[in-house]
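# Topology and contacts: notes
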Amino acid sequence: MSDAPSRETSRATHPRHATDAVLTAPIRLSIVAALSRVDEMEFAALRDLIELSDSALSKQVSALEDAGYVEVRKGYVGKRPRTWLRVSPDGRAALRRHLAALTAIVEGA
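A short tour of the structure in this document, coming up. Counting from 1, residues in each chain are numbered in the order their sequence is written. Side-chain atom pairs in this predicted model are given and counted only at pLDDT of 80 or more, local residue features only at pLDDT of at least 70, and totals for whole chains, interfaces and linings cover all residues. Where side-chain values are given, they derive from all heavy atoms of the structure, hydrogens and water being excluded.

In this section: the environment of Ile 50. Only DSSP runs of H or I with at least four residues qualify as helices, and only runs of E with at least two residues qualify as strands; both kinds are numbered from the N terminus onward. Following the sequence through the fold, Ile 50 ends up in helix 3 (residues 43-50). Working rule for contacts: check all heavy atoms of both residues, and any pair within 4.5 Å makes them a contact. Among residues more than four places away in sequence, those in contact with Ile 50 are Ser 30, Ile 31 and Leu 57.

Successive side chains on a regular strand alternate, one facing one side of the sheet and the next facing the other. Pairing of strand 2 (residues 70-77) with strand 3 (residues 80-87), which is carried by eight bridges, proceeds in the antiparallel orientation. Pairing of Tyr 76 across the sheet is with Pro 81, part of strand 3. Counted between consecutive antiparallel strands, the loop separating strand 2 from strand 3 contains two residues, among which Gly 78 sits at a positive phi close to 65°. For two strands to be treated as a pair, DSSP must find no fewer than two bridges joining them.

Two numbers describe how helix 2 (residues 26-36) lies on helix 4 (residues 54-67): the axes approach to 10 Å, and their chain directions differ by 75°. Here helix 2 lies roughly perpendicular to helix 4, going by the angle between them. Listed contacts from helix 4 to Ile 27, Arg 28, Ile 31 and Val 32 of helix 2 are Leu 57, Gln 60, Val 61, Ala 63 and Leu 64. Under the scheme applied, nonpolar residues are Ala, Val, Leu, Ile, Met, Phe, Trp, Tyr, Cys and Pro; charged residues are Asp, Glu, Lys and Arg; polar residues are all the others, including Gly. Among the residues making up the contact of helix 2 with helix 4, the classes are represented as seven nonpolar, one polar and one charged. What counts as an axis is a line fitted to C-alpha atoms, over the stretch in contact for a helix, and the angles between N-to-C directions run from 0 to 180 degrees. Throughout, the term roughly parallel applies to angles under 35 degrees, roughly antiparallel to angles over 145, roughly perpendicular to angles from 65 to 115, and oblique to all others.

Spatial relationships are all this shows, so hold off on functional conclusions.
Spelled out as structure tokens, the structure:
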């Protein structure tokens, strides 16, 4: 009998299973990571920081909002409409878990 773990056991324990499917997309990971460093960020500032078009950022923010990872607030500055984004508590927790899983993968855990 072998001491090697069975395929089912190794599949269930490999750290890749702890990665977050929503955050495996580099753009969504970039958005959540950027927002995790601030209380709130204006849409245009985030767009410029991660070098995306308005439409690409909007699409990814919608996916993150649907997942509960990003909160969106709309308002006005003077007469100009603005959108502010912030990472939600669930988004922060998901980012921590995802980064821990990636670290475990890289370190060979």
